[in-house]
Amino acid sequence: MSTEETPAPRSLAEALRARDDASLAALLRTRPDLITPVPTDLTQLATRAGTRASVVRALERLDRFTLQTAQALAVAPDPAAYDDLLALLAGDAADPAVTAVLPRALTVLREQALVWGGTDRLRLVRTARELLAPSPQHPSPTGLGPTVAEATAGMSPGRVQEIVAAAGLTSTHDAVSAVASLTSLFTDRKRMAALLDSASPDSVDVLRRLVWGPPYGQITAEPAAHLRWLLDRGLLLPTAPGTVVLPREVALHLRGGRAHRSTEPLPPGVEPAATHRPQVVDNAAAGQAYTALATVEELLKDWDEGGPAVLRAGGLSVRDLKRTAVALDVSEPVAAFWVELAYAAGLLASDGEADERYAATPAYDEWLEWPSAQRWARLAEAWLTATRTPGVIGGRDTKDRTLSALGPGLDRSAAPEVRHRVLALLAVLPEGTSPTVESVLARLHWERPTRGPQQDREGDEDLRTRLARWTLAEAESLGVTGRGALSSQGRALLGAPAAPQKPAEPTGPGDKLPVHHHDHHDHYQSHSHIHHHDHPHTLEPLSPSEQAVASATAARLLTPLLPEPLDHVLLQADLTAVAPGPLKRPLADMLGVLADVESKGGATVYRFTPGSVRRALDAGRSASDLHDFLTAHSRTPVPQPLAYLIDDVARRHGHLRIGAASAYVRCDDDAVLSEILADKRSANLRLRRLAPTVLAAQTDPGSLLDGLRAMGFAPAAESAEGDVLITRAHAHRTPPRTAPDPVPDGPPAPDTTLLSAAIRAIRAGDLASTTPRKPTETPAANGDLPRTSPAETLATMQAAVMTGEAVWIGYVNAEGAASQRVIAPIRVEGGFVTAYDHTADEVRTYPLHRVTGVAELVEGTDG
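Below is a summary of the structure that appears in this document. All residue numbers here refer to positions counted from 1 along the written sequence of the relevant chain. Selection of residues for local features in this predicted model requires a pLDDT of at least 70, selection of side-chain atom pairs for listing and counting requires 80 or more, and totals for whole chains, interfaces and linings are taken over all residues. Values reported for side chains reflect all heavy atoms of the structure, with hydrogen atoms and water molecules removed beforehand.

Things to note about the packing of helix α16 (residues 278-302) against helix α23 (residues 463-478)
A packed helix pair is summarised by two numbers, namely the angle formed by the two axes and the spacing between the axes. Put simply, the rule is: What counts as an axis is a line fitted to C-alpha atoms, over the stretch in contact for a helix, and the angles between N-to-C directions run from 0 to 180 degrees. Numbering goes from the N terminus for both helices and strands, where a helix is a DSSP run of H or I of at least four residues and a strand is a run of E of at least two. Angular relationships are summarised with four words: roughly parallel below 35 degrees, roughly antiparallel beyond 145, roughly perpendicular across 65 to 115, and oblique for the angles in between. In this analysis, two residues are considered to be in contact whenever any of their non-hydrogen atoms come within 4.5 Å of each other. Gly is put with the polar residues, along with every residue not named as nonpolar or charged; the nonpolar set is Ala, Val, Leu, Ile, Met, Phe, Trp, Tyr, Cys and Pro, and the charged set is Asp, Glu, Lys and Arg.
Packing of α16 against α23 leaves a shortest axis separation of 6 Å and a crossing angle of 85°. The orientation of α16 with respect to α23, classified from their angle, is roughly perpendicular. Seen from α16, the contacting residues are Gln288, Ala289 and Ala292; seen from α23, they are Glu476, Ser477 and Leu478. Partitioning the contact of α16 with α23 into residue classes produces three nonpolar, two polar and one charged.

And the structure:
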């Protein structure tokens, strides 16, 4: 550690003032809440960096060892020397791993403005110390209690002197020096060891039970002898009636100087579970990708004419989710994933009608026309960035309401970060290697050990752990991974570099991965934003433009792995057709009308039935059209049973005609009508004969059509002109809808342009607030605007124009907001001053009547 800290900063604001622009940019990049809105100067930036909400957010994003470093500083003297901090973390044994990693952890804390000061006077920001320091209400994660000085603060001076005497120390004239003497004893290893050697085994056992926390214990009004021995010597100190505490100095002696029972300077390694050939992984992932596309298509085709109704509170009902799961032949949680994925990709939405229902969006029709690999990339990209989390469906929200698919309350802002981080860990493994789930979870928990204020109610695991488990399962279903290992297209989707061909060098005992999560430190050192392309240990989320390029690359890699769409099927004598692979769009659409899907898998089996053939005839196809279609698209001759089926249904199709009376049936063969009237199944249609060839019904044409078809007839609907109505398949679509926007986890990370502008504004504001000023006849009080008469203001401005010097002004805008500014006047005319405003870093014009006063700057400080 460097010891050059001259002059030493007296506050966090001064420490920030000493930073260069690259260091400030690194701070604002890692803590974007600090520039929302942009602070007026560095003092305000320091104040904002110390607010509770901002500090909590920063602490939640520290890895385990950096957080342990902050926790150790919270129990160290304030300020603390670097060697004292090292002793608290490395212990008496001086752990070499801690010694090596501590400078990096301290650099991260400095960069994030959680620690400031020189190496001999390290200070944790006050709010962080309050959050992490031990107290009876909020125990420290270290398990330590208060210091001797804190625990004896309310103790009588006489009692303090009694403890000093019992500990074998010389009595002093005041309680302060007595406490200092006792503290010196407890921090002296040799003298402390000698004192404990004289303790009974029972006394030592009491200390051992309290040493790792919690440090508080209960005693009776008449404590046993072994407890009395500890109380007399201050090894236990009373905090309340019946309650005692183990002083921090005593605990640290018993712990060998360590603030934590287990210090974890290095991240745990991600252990391999299995290794497969990369081609096997890519082929398995491509198979899952094909299934994903087929599943989404099947889902939205099922909802083509209007899907399930939208609940009053939003979302799908439990019954509709079950029906969807049955239709897709998957479990309900898996069905919920596919429904939410289609929604996240903008392919599914509510139609907004009075009787609101879910349906495909117009974007779905465009999506269908894309190549298969491009369609998959759209789904994968939507999944990677979505904050809606299907895994919580079925749980309860904070108001104890059930969370439903497509309903509100499913956003979890941490989801994109966790998904990306899980896949990034897989990307560092050798190609074709799948990890153990437990090692992935352990690594994530080391990188983000705190759970934060918002807890998820479902299950015993914290939300990040559950998000990681869901990520591994969903990535496999979607084809981002295959056999548990990251596929080539998944790696490209992340924008990751080529996979290592051999295991990466370990960074410490048990570590199988490079340390690539400390990108903040890397930024600080390089003074630039390092992307994963430049740094092999850093894999960051991509910008929208970068993600578009990565998705296109993933689609290109996936294309040769997906089966080519076919233009033919194999017709069989049992009235079925086998599609040995995916079918081209026109063939698939027509076959979906002419036949019913009987089974799916590597090959799809379609079955021809009278009902399916009649459906094609209703859509306007003739028998000859159907024969020609099958002959053109079958690699086998059309079987005779299928030809007979088509001709038989076509011959009967339209023999009966139904129109609107309420409804009527007409037929040239009056015997057929007599047969219908005689059939008991027609009773609910309430038919009566109007003429030998016409029956009237007390029901609508649609119900009459369905009723006669259920009786085995093949009627056709007709128009008012007597023509056969053609029932073409139509699709219900929503109005144009955009995909749901992810709910961000706090303010978005600022881009380079915003960072540069913010730093210029902060620097200019700081210059205006800190530049020394010449005294005036009416000096401004500290923080007040300068006050001069209009004549003095005008004269000073005109003089500044001639000399080219900068001046300090007070200004009140049209809204009445007052501000201080440093300006360099260029010209003064017509009641206005035009000047270069150092605060805004641009040329502006100000009305002189809004300038409250002007003061000259001390020589050598302008600009």
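Now that the structure has been shown, we can carry on.
A closer look at the side chain of Ser487
The criterion, for reference: Only protein chains enter the accessibility calculation, which uses a 1.4 Å probe; a residue is then buried when its area is under 20% of its type maximum, exposed when over 50%, and partly exposed in between.
Positionally, Ser487 belongs in the loop between β11 (485-486) and α24 (488-494). Assessed through its relative accessible area of 1%, Ser487 is described here as buried. Not counting chain neighbours up to four residues away, the residues in contact with Ser487 comprise Val281, Asp282, Ala285, Gly479, Val480 and Thr481.

Considering helix α11 (residues 175-186)
The cut-off we apply is this: Expected helix span is computed as 1.5 Å times (number of residues minus one). The directions from the helix axis to the C-beta atoms form the arc being described. Here a polar contact is taken to be a pair of N or O atoms separated by no more than 3.5 Å, where protein atoms must pair a possible hydrogen donor with a possible acceptor and residues adjacent in sequence count only if both atoms sit in side chains.
With 12 residues, α11 should cover 16 Å at 1.5 Å per step; its first-to-last C-alpha distance of 16 Å lies within 8% of that length. What α11 keeps buried is the set Ala178, Val179, Leu182, Leu185 and Phe186. Seen from one end, α11 has its buried residues packed into an arc of 120°, which puts them on one side. Buried residues along α11 sit against α9 (148-151), α10 (157-166), α12 (189-197) and α15 (248-254). Put simply, Asp174 is the residue that caps the front of α11, since its side-chain oxygen is 3.1 Å from the backbone nitrogen of Val176.

Quick notes on the sheet that holds strand β23 (residues 832-837)
Remark on secondary structure: sheet strands pair via backbone hydrogen bonds, oriented parallel or antiparallel. Worth spelling out the cut-off: Whether two strands pair depends on DSSP finding at least two bridges between them.
Across the sheet, five strands lie side by side as β24-β23-β22-β21-β25; this open sheet has antiparallel pairing. Among the strands making up the open sheet, the edge pair consists of β24 (842-847) and β25 (851-856). When the angles between neighbouring strand axes are averaged without regard to direction, this sheet yields 45°. Strands β21 (807-812) and β22 (818-829) of the sheet are contacted by helix α33 (residues 752-770), whose axis makes an angle of about 95° with β22.

Some thoughts on helix α3 (residues 42-49)
Buried within α3 we find Leu42, Leu45, Ala46, Arg48 and Ala49. Within α3, the buried residues cover an arc of 165° as seen down the axis, which keeps them to one side. Those residues of α3 that are buried are in contact with α1 (12-17), α2 (21-30), α4 (52-60) and α33. Structurally, the start of α3 carries an N-cap: the backbone nitrogen of Thr43 is 3.2 Å from a side-chain oxygen of Asp41.

A closer look at empty space enclosed by the protein
Quick note on the threshold: Only protein atoms enter the 1 Å grid used here, on which a cavity is any set of points holding a 1.4 Å probe that cannot leave and a pocket is any open set flanked by protein within 12 Å on both sides along at least five of seven lines; residues with an atom within 4 Å of a point are listed as lining. Grid points are joined across faces, edges and corners, and a volume is the space filled by probe spheres set on the points.
Under the defined criterion, the tally for this structure stands at three cavities of 30 Å³ or more. Considered as a void within the structure, the largest cavity measures approximately 80 Å³ in volume. Lining the largest cavity we find Phe337, Glu340, Leu341, Ala344, Ala382, Trp383, Ala386, Arg388, Pro390, Arg419 and Glu474. Mapped by element, the contributors of at least two residues to the lining of the largest cavity are α18 (332-344) and α20 (372-385). No other element matches the four residues that α18 contributes to the lining of the largest cavity. Each residue belonging to the lining of the largest cavity can be placed in one class, and the counts come to seven nonpolar, no polar and four charged. Of the voids in this model, the second largest cavity is the one considered here, and its volume is about 50 Å³.

Remarks on the nonpolar core
Let me state the cut-off plainly: In this description, a nonpolar core means a group of buried Ala, Val, Leu, Ile, Met, Phe, Trp, Tyr and Cys residues linked to one another through side-chain atoms lying within 4.5 Å.
Counting 92 residues, the largest nonpolar core has Phe186, Leu235 and Leu236 as its most contacted members. For Leu236, the contacting residues outside a window of four places in its chain are Val206, Leu207, Leu210, Leu227, Leu230, Leu231, Val244, Val245, Leu246 and Pro247. By size, the runner-up hydrophobic cluster in this structure holds 75 residues, among which are Leu316, Val392, Leu493 and Ala496.

Topic: the packing of aromatic side chains
Threshold: By convention, a stacked pair of Phe, Tyr or Trp rings (six-membered ring in the case of Trp) has centres within 6.5 Å and planes under 30 degrees apart, an edge-to-face pair has planes over 60 apart, and any other such pair is tilted. When the NZ atom of lysine or the CZ atom of arginine is within 6 Å of a ring's centre and also within 35 degrees of its normal, the charge is said to sit over that ring.
Here the structure, examined in full by the defined rule, presents four aromatic pairs. Here the guanidinium or amino end of Arg375 rests over the ring plane of Trp367, the centre of that ring lying 5.1 Å away.

A few points about the sheet that holds strand β3 (residues 216-218)
Strand order across the open sheet formed by three strands is β3-β5-β4, with antiparallel pairing between neighbours. Two strands close off the open sheet at either side, each with one partner strand: β3 and β4 (237-240). For this sheet, the mean inter-axis angle between neighbouring strands, taken without regard to orientation, is 40°. The sheet contact formed by β4 and strand β5 (residues 243-245) spans three bridges and is antiparallel.

Describing the packing of helix α21 (residues 415-428) against α23
The test is simple: Left-handed describes a crossing whose near helix is turned anticlockwise from the far helix through less than a right angle; right-handed describes the clockwise counterpart.
Two elements in contact, α21 and α23, have axes separated by 9 Å at closest approach and are oriented at 60°. The angle between the axes of α21 and α23 places the two elements in the oblique class. Relative to α23, α21 is oriented so that their crossing is right-handed. Across from Ala415, Glu417, Val418, Arg419, Val422, Leu423 and Leu426 in α21, the residues of α23 making contact are Arg464, Leu467, Ala468, Thr471, Leu472, Glu474 and Ala475. Looking at the contact of α21 with α23 residue by residue, the classes come out as nine nonpolar, one polar and four charged.

Remarks on the pattern of salt bridges
Heads up, the rule is: A side-chain nitrogen of Lys or Arg and a carboxyl oxygen of Asp or Glu constitute a salt bridge if their distance falls within 4 Å.
Enumeration over the complete set of coordinates arrives at 35 salt bridges. Taking the shortest distance from any N to any O, the salt bridge between Glu417 and Arg464 comes out at 3.4 Å. Taken as a pair, Glu417 in helix α21 and Arg464 in helix α23 lie far apart in primary sequence, 47 residues in all. Given a relative accessible area of 30%, Glu417 falls into the partly exposed group. The residue Arg421 makes a salt bridge to Glu447 at a minimum N-O spacing of 2.7 Å. With Arg421 in helix α21 and Glu447 in helix α22 (residues 437-447), this residue pair connects regions lying 26 residues apart in the sequence.

So, the side chain of Asp351
We count it as follows: Charge assignment in this entry is limited to Lys and Arg as positive and Asp and Glu as negative, and neither His nor the chain termini are counted.
Tracing the backbone shows Asp351 in the loop between β7 (348-350) and β8 (358-360). Of the side chains with opposite charge, Arg737 comes closest to the buried, unpaired Asp351, at an N-O distance of 6.1 Å. A distance of 3.0 Å separates a polar atom in the side chain of Asp351 from the backbone nitrogen of Glu353. Once residues lying within four places of it in the same chain are set aside, the contact partners of Asp351 are Glu356, Arg357, His732, Thr734, Pro735 and Arg737.

Some thoughts on the pairing of β23
One ladder, built from six bridges, connects β22 with β23; its direction is antiparallel. When the sheet's bridge partners are listed, Ile823 is paired in β23 with Asp837. Hairpin connection from β22 to β23: two residues lie between these consecutive antiparallel strands, with Gly830 at a positive phi of about 60°. One ladder, built from six bridges, connects β23 with β24; its direction is antiparallel. Within β24, the residue paired with Phe832 across the bridge is Pro847. Connecting β23 to the next strand, β24, in antiparallel fashion are four residues, including Asp841 with a positive phi near 60°.

Considerations on unusual backbone geometry
Here the residue pair Thr36 and Pro37 is connected by a cis peptide bond, since its omega of 0° sits within 30 degrees of zero. The residue Pro37 is located in the loop between α2 and α3 in this model. Of note, the bond from Asp78 into Pro79 is cis; its omega dihedral lies within 30 degrees of zero at 0°. Along the chain, Pro79 falls in the loop between α5 (64-75) and α6 (82-90). The residue Arg483 is not glycine, and still its phi comes out positive at about 60°.

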